[in-house]
Amino acid sequence: MDRLIELDKKHFIHPTSSIQQQQLEGPKAIMKSGDGIYLTDTNDNKYIDAMSSLWNVNVGHGRKELAATAAKQMESLAFSSAFSSFSHEPAIKLAEKIAQLSPKSMNAVFFTSGGSESNDTAFKLVRHYWKIQGKPEKRKIISLKRGYHGVAAGATSATGIADFWKMAGHLMQDFYHVKSPYKLSAKESLLSLRQVIQEEGAETIAAFIAEPVQGAGGVLIPPQDYFIEIRKLCDEFGILFIADEVITGFGRTGKMFGLEHWNVLPDVMTFAKGVSSGYIPLGGVVISDHIHDTMKKKSEGVLFHGFTYSGHPTAAAVGLKNIEIIERENLVENARVMGEKLYQGFLDLKHKVKIVSEVRTLGLLGAIELAKNPITHERFSPTSNVTSKVIETLHERGVICRGVTYGGTDIICFSPPLIMTEEQMNSLLERLHDALQAVQKGLLT
Ligand SMILES: Cc1ncc(COP(=O)(O)O)c(C=O)c1O
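Residues numbered from 1 in each chain as written. Predicted model: local features only at pLDDT ≥ 70, side-chain atom pairs only at ≥ 80, totals over all residues.

### As for the domain arrangement of the protein
For clarity, the threshold we go by: For the domain bounds, the source is a domain assignment made automatically or taken from a database. Each residue is represented by a C-beta atom placed from its backbone, and any two residues with such atoms within 7 Å are regarded as in contact. Under the scheme used here, helices are H or I runs from DSSP no shorter than 4 residues and strands are E runs no shorter than 2 residues, and both carry numbers assigned from the N terminus. Three classes are used, and their members are as follows: Ala, Val, Leu, Ile, Met, Phe, Trp, Tyr, Cys and Pro are nonpolar, Asp, Glu, Lys and Arg are charged, and the others, Gly among them, are polar.
Looking at the protein, the domain boundaries give domain 1 (36-59 + 330-444) and domain 2 (65-328). Its C-alpha centre places domain 1 at a distance of 28 Å from the equivalent point of domain 2. Contacts between the two partners involve 25 residues from domain 1 and, on the opposite side, 23 residues from domain 2. Of all elements in the fold, only helix H3 (52-55), helix H13 (331-352), strand S11 (356-362), strand S12 (365-370) and strand S15 (411-414) reach the threshold of two or more residues within the side of domain 1 that touches domain 2. Here the element with the most residues in the side of domain 1 that touches domain 2 is H13; it accounts for five residues. When its residues are assigned to classes, the side of domain 1 that touches domain 2 shows 15 nonpolar, eight polar and two charged.

### Structural notes on the nonpolar core
How we decide: Throughout this description, the term nonpolar core refers to a group of buried Ala, Val, Leu, Ile, Met, Phe, Trp, Tyr and Cys residues whose C-beta atoms join them within 7 Å. Put simply, a residue is buried when 20 or more other C-beta atoms lie within 10 Å of its own C-beta and exposed when 12 or fewer do; between those, it is partly exposed, and each C-beta is set from the backbone.
Counting residues in hydrophobic clusters, the biggest one holds 112 residues, and the most contacted among them are Val-126, Ala-207, Phe-208, Leu-240, Ile-242, Val-268 and Val-399. Counting residues per element, this core draws most heavily on helix H12 (residues 313-328), at seven residues. Of the domains in this structure, domain 1 (36-59 + 330-444) and domain 2 (65-328) are the two that each give at least three residues to this core. The residues touching Val-399, leaving out its near neighbours within four places in the chain, are Tyr-47, Ile-48, Ala-50, Leu-394, Leu-428, Arg-431 and Leu-432.

### Considerations on the sheet that holds strand S13 (residues 399-400)
Formally: Any two strands with at least two DSSP-identified bridges between them are counted as paired.
Spatial strand order, S1-S2-S3-S13: four strands in an open sheet with mixed pairing. Pairing within the sheet leaves two strands with one partner each, and these edge strands are strand S1 (31-35) and S13. Two strands pair when backbone bridges link them, and strand S2 (residues 38-41) and strand S3 (residues 46-49) are joined in this way by three bridges, in the antiparallel orientation. Bridge pairing links Leu-39 to Tyr-47 in S3.

### A word on the sheet that holds S15
Note the cut-off: The axes used here are C-alpha line fits, helices contributing only the stretch in contact, and every angle between their N-to-C directions lies in the interval 0 to 180 degrees.
Spatially, S11-S12-S15-S14 is the arrangement adopted by the four strands of the open sheet, whose pairing is antiparallel. Looking at the sheet topology across the chains shown, the edges are occupied by S11 and strand S14 (402-404). Recorded for the sheet is a direction-independent mean angle of 20 degrees between the axes of neighbouring strands. As paired elements, S12 and S15 share four bridges and run antiparallel to each other. Paired with Ala-367 across the strands is Cys-413, a residue of S15.

### Points about the packing of helix H4 (residues 64-77) against H12
What counts, and what does not: The scheme is simple: roughly parallel for angles under 35 degrees, roughly antiparallel for over 145, roughly perpendicular for 65 to 115, oblique for anything else. We call a crossing left-handed when the near helix sits turned anticlockwise from the far one by less than a right angle, and right-handed when that turn is clockwise.
Two elements in contact, H4 and H12, have axes separated by 9 Å at closest approach and are oriented at 150 degrees. One way to sum up the angle between H4 and H12 is to call them roughly antiparallel. Regarding H4 and H12, the two cross each other, and that crossing is right-handed. Touching Glu-65, Leu-66, Thr-69, Ala-70, Gln-73, Met-74 and Leu-77 of H4 are Pro-313, Thr-314, Ala-317, Val-318, Lys-321, Asn-322 and Ile-325, all from H12. Across the contact of H4 with H12, the residue classes break down as eight nonpolar, four polar and two charged.

Below, the structure is given as C-alpha cells:
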C-alpha cells in the first residue's frame, strides 16, 4: 500500500488535481473494485459512489455483461480503422441506435473518445457547415458562464469557469461567455446573450453551446422556458444551437436526453459519459438532417477531421450493450422515480439542517447549497471551508460526492448511478443528514 502511494506521488499526474496536495498527502483513496453503486478501496473501505464517479457510470459498477462484450469484440476485431471508406458493424449499429434515440430530425453521428473531443468536433463541424454555405466568417462560439465543456483546445475556451483557461494562459480567439441564468432570471441571461450577438454581429457567430443542466458549474437547472427562448433567439439570428448532453444524455435526468424536458430541438448534440457508462472511452456528435444534407451536397473532398479512435469497434460494442442495459432495466424511468425520492429527501434535509439553504434535482442530478443564513442566503466566509468539510465528513461516512466552490459558492453535487434502489437512496440520505449535522455542529461550536 505505502509503495503504491509513493509510486503515485512520483509518477502519476492526476487529472484536475492539486499537484502540491498530492505530494503532501498522496492519494485519498486507491480504488480496487466496484459493484453496483459501491466502490471499494485498497483498505477495504466501501463507499456509495454518489457521483457515478465522474457523472458517468450510469449502469453502476461491475457489470460482467459489459466486460464479456468487450472481450468478445476484442477477440474478433479489437480495432480497425473507420477513416476514409473503411467501416465495421459495431460502429454502424451504434450510430443507428443513437440516431433512433435522438430527436427525429437528427440521424448522423460522428464518434469520438469523450466529451472534450466531442465539443471540439462540434465547433469544427458548425464552422465547416457555415464555410460550405459561403459564410466562413461565422466562426464565433458563445457559451454560458459556469458552463463546463471539457479541456481540449476549443472545449477549454467554451468552458465558462475561468480557472480552466487561465491555467495555461488565456481564452482562445472567437469564444465568448454570457451570463448563466444561475441566481438570475432567464430574462437577464437571454438579454446578455442578445447583447453579445448584437455587439459581435450575428454574421460572425457560428453557434451557441450550453448544457441542458450545468453540471460541473454546480448542477444548475435552468428556468422552465429558458431553452425555448434560447432556441427562438438562435433562430432569430441564424445561429446554430449545440446541446452539450455529455452529462445529461443517456437517462441521467429521467429522460433519455436533457433537452427533452422542454421539447427543444438542438442543431447539434454532443454526448459521452453515459453512452458507455465509463466502461470504455466513447463519445460523439449527432447532427441535424439539415446540416447533414448540406454537407452531403456541399462538403467537397475530404472532411479533414478524425480521431484514430473515432468509431472504435470495441468501444462501440460496449456502448451498444450499455444502451441495451439502460433500456432493458428501464433505468431512465428509474432515474425519474429515484430523482423524486432524492428531491423529497433534500427537502426534508432543508427543514432539518439549518445550513442547507437551497436544494434542487432533475432526475438523478442533484445539488444542495449551503449558507450561513438560509433565509438571507448569506454565505460562509471562504476560510470556513464548509464545502470541503462536508465532502470530507461524507467520505468518512462512506459517500463520495463533489463540492463546487467556484465563484464563492458552497454547492454539494450528486449524480448517483441510475440503478439506485429506494433502500440505497435512504441510506445515502441518512448519511448525508448525519454528515451535515456533524459539520453544522462543528461550525456552531
Ligand atoms: C457537460 C460536459 N461536457 C464535456 C465534458 C468533457 O468530457 P471529457 O472529460 O470526457 O472530455 C464534461 C466532463 O465532465 C462535461 O461535464
